[in-house]
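Listed here are the chains, written in short residue letters.
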2 protein chains.
Amino acid sequence: MAKSDVKLLGAWTSPFVMRARIALNIKSVDYEYQEENWLVSKSELLLKSNPIHKKVPVLIHADNPICESLIIVQYIDEVWSSGPSILPSDPYDRATSRFWSAYIDDKWFPPMIAFLFAQEEDAKKAAIAQMEESLVPLEEAFGKCSKGKAFFGGDRIGFLDIAFGCFLGWLRVIEKVGGIELLNETKTPSLLKWAERFSSDTAVKELIPDTDKLAEFGKALPEFGKALQAKMRANN
Amino acid sequence: MAKSDVKLLGAWTSPFVMRARIALNIKSVDYEYQEENWLVSKSELLLKSNPIHKKVPVLIHADNPICESLIIVQYIDEVWSSGPSILPSDPYDRATSRFWSAYIDDKWFPPMIAFLFAQEEDAKKAAIAQMEESLVPLEEAFGKCSKGKAFFGGDRIGFLDIAFGCFLGWLRVIEKVGGIELLNETKTPSLLKWAERFSSDTAVKELIPDTDKLAEFGKALPEFGKALQAKMRANN
């Protein structure tokens with residue numbers, strides 16, 4: 001397949017973009033990558049390709065735009081079916097992977113983003129408590145899904161590994177700036193070891209941003225959030 | 001397969017439960033149905049089967065609980081693969097079906113539920129405006145997905161038909177109590193005709209609740225919401 005047949009619109013800071021990139025790496029798909037600077041403006045191609053949400057990632061394959069990170073990962077799994085499978089083959093295992101992936105977007109991501117945009121210490125503390133709480137069932141899920149193997153997906157990285165693992169860059173930033181250990185030996189020993197294995201996987205390691213660089217970017221988010229709120233108020 | 005191998009925990013008022021039931025009908029799966037009265041209390045089986053969200057629907061198949069309506073529909077499609085397909089076979093069409101199904105849960109459902117729980121006229125008006133707005137892209141999507149055929153899924157009801165069609169019962173209640181036409185000849189002519197076809201399909205028609213009965217149930221929701229808010233405040 002010609003490289004130009006596959007294009008990904010992304011942003012280096014986005015965990016959701018990382019999901020698509022890990023999936024493309026697993027399947028050894030050669031693709032063109034276009035970086036979007038969403039804090040400043042959005043490209044014409046992004047606005048045209050994802051007119052509903054206007055968000056990255058967008059995978060453009062044979063001129064067809066595919067949006068929403070977990071949908072993109074499933075699409076990649078279905079199209080490049082000769083590569084290693086990303087979703088498990090058993091329907092119940094597939095349903096379980098989908099369930100916990102939705103759980104992550106529903107219970108982990110909102111407090112994570114709340115922490116990063118928080119302007120007050122109290123809001124940060126509340127977000128940390130919610131993040132910690134969301135990790136407890138996930139630690140338990142690891143035992144059930146991995147069945148004693150290295151990853152949620154078994155011997156290799158799978159759908160749920162990608163769904164949660166994409167957040168490890170930001171998780172480390174939060175641990176660093178918050179002076180906390182979200183993943184630790186006491187409450188999440190399996191996830192702690194899993195995170196090490198995940199981060200050193202060949203399909204992943206080049207994609208996890210440097211913690212200091214990401215933390216530097218993160219510093220701008222509370223101010224950006226404030227400006228966005230002001231803009232929304234002005235438009236109302 | 002013995003009937004007792006498949007059990008569905010549901011509630012007759014829930015659009016999400018209807019998704020699972022339509023999928024089971026399409027695949028001609030015989031199943032045991034257990035009605036949950038979630039306004040009053042939740043059964044032990046529900047709490048045990050869906051400890052994370054404690055919500056219906058839960059499909060229990062060979063003692064395995066499967067939660068979250070769209071995940072259940074995909075599970076049914078994958079397990080009973082000899083019946084008519086629910087998701088399209090083409091990966092891009094599958095991605096498109098998943099995208100619009102997520103859109104419905106994201107953009108249509110929140111204002112719908114806001115309307116039903118609203119205590120003030122202003123909140124109802126705002127919710128109606130949001131519901132109307134959410135239908136415009138969906139009308140356009142119908143043209144692209146159906147490719148001139150009767151349903152989003154083509155000649156038969158598919159994933160996206162189920163994802164949106166399950167809301168038609170409540171949509172009619174809102175039209176009736178609000179004195180409005182959410183689906184109409186002017187803005188959503190294709191969806192208007194599609195809704196008629198969907199509601200009279202053999203896999204669906206027995207499942208759409210009677211509008212007056214549903215409206216009667218709906219009357220209790222604002223008070224229920226108020227009581228719930230008071231309870232949450234008391235617990236904080």
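Residues numbered from 1 in each chain as written. Chains lettered and ligands numbered in written order. Predicted model: local features only at pLDDT ≥ 70, side-chain atom pairs only at ≥ 80, totals over all residues. Heavy atoms only, no water.

1. Observations regarding the environment of Arg-19 of chain B
All names here are of chain B.
Right, so step 1: Structurally, Arg-19 is set in helix H1 (residues 15-26).
Right, so step 2: Residue classification places Arg-19 among the buried positions, given a relative accessible area of 0%.
Right, so step 3: With 170 residues separating them along the chain, Arg-19 and Pro-189 place their C-alpha atoms 24 Å apart.
Right, so step 4: Once residues lying within four places of it in the same chain are set aside, the contact partners of Arg-19 are Ser-69, Leu-70, Val-73, Ile-104, Asp-105, Ile-162, Ala-163, Cys-166 and Phe-167.
Right, so step 5: In this structure the side chain of Arg-19 is engaged in a polar contact, spanning 2.9 Å, whose partner is the backbone oxygen of Ala-163. (Helix = DSSP H or I, 4+ residues; strand = E, 2+ residues; numbered from the N terminus. Buried < 20%, exposed > 50% of the residue type's maximum accessible area, 1.4 Å probe, protein only. Contact = heavy atoms within 4.5 Å. Polar contact = N/O pair within 3.5 Å; in protein donor to acceptor, adjacent residues only side chain to side chain.)

2. Structural notes on the sheet that holds strand S1 (residues 6-10) of chain A
All names here are of chain A.
Right, so step 1: Taking strand neighbours across the sheet as the criterion, the 4 strands line up as S2-S1-S3-S4 in an open arrangement whose pairing is mixed. Two strands bound the open sheet, and with one partner strand each, they are strand S2 (32-35) and strand S4 (64-67). Looking at each pair of strands side by side, their axes are set apart by 20 degrees on average, direction ignored.
Right, so step 2: Running at roughly 155 degrees to S1, helix H1 (residues 15-26) makes contact with S1, S2 and strand S3 (58-61) of the sheet. (Pairing = 2+ DSSP bridges. Axes fitted to C-alpha atoms, helices over the stretch in contact; angles between N-to-C directions.)

3. Topic: the interface of chain B and chain A
Interfaces are often sized by the amount of accessible area the parts lose when they come together.
Right, so step 1: Each partner contributes to the interface: chain B provides 24 residues, whereas chain A provides 24 residues.
Right, so step 2: In total, chain B and chain A occlude about 2100 Å² of area from one another, counting both sides; carbon and sulfur atoms represent 70% of this.
Right, so step 3: Applying the counting criterion to the chain B and chain A interface returns 4 salt bridges.
Right, so step 4: Here chain B is connected to chain A by 8 residue pairs in polar contact (both at pLDDT 80 or more).
Right, so step 5: Among the elements of the structure, strand S4 (64-67), helix H3 (69-79) and helix H4 (91-117) of chain B are those that each provide at least two residues to the side of chain B that touches chain A.
Right, so step 6: Here the side of chain B that touches chain A gets 10 residues from one element, more than from any other, and that element is H4 of chain B.
Right, so step 7: Here the side of chain B that touches chain A is composed, by residue class, of 14 nonpolar, 4 polar and 6 charged. (Buried area = accessible area lost by both parts, 1.4 Å probe. Salt bridge = Lys/Arg side-chain N within 4 Å of Asp/Glu carboxyl O. Nonpolar A, V, L, I, M, F, W, Y, C, P; charged D, E, K, R; others polar.)

4. Quick look at the relation of the copies chain B and chain A
Right, so step 1: Superposition of chain B onto chain A requires a rotation of 180 degrees combined with a translation of 0.0 Å along the rotation axis, giving an RMSD of 0.0 Å. The superposition operator between the copies reduces to a two-fold rotation axis. In terms of C-alpha distance to the rotation axis, chain B has Ala-102 of chain B as its closest residue, with the C-alpha 5.6 Å off the axis.
Right, so step 2: Both copies contact each other with a shared surface, as 100% of the interface residues of chain B are interface residues in chain A too. (Least-squares fit on C-alpha atoms with pLDDT ≥ 70 in both.)

5. With respect to the UniProt feature "domain: GST C-terminal" (unreviewed entry) in chain A
Right, so step 1: Mapped onto the present numbering, the UniProt feature "domain: GST C-terminal" (unreviewed entry) falls on residues 90-221 of chain A.
Right, so step 2: The straight-line gap between the two end C-alpha atoms of residues 90-221 of chain A is 41 Å; of that span, 69% is helix and 0% is strand. (UniProt positions renumbered as here; feature names shortened; annotations may be inferred.)

6. Quick look at the nonpolar core
Right, so step 1: Trp-108 and Trp-194 of chain A together with Trp-108 and Trp-194 of chain B are the most contacted members of the largest nonpolar core, which has 152 residues in total.
Right, so step 2: Those residues in contact with Trp-194 of chain B that lie beyond four places of it in its chain are Phe-142, Ala-150, Phe-151, Phe-152, Asp-161, Phe-164, Gly-165 and Leu-168 of chain B. (Core = buried A, V, L, I, M, F, W, Y, C linked by side-chain atoms within 4.5 Å.)

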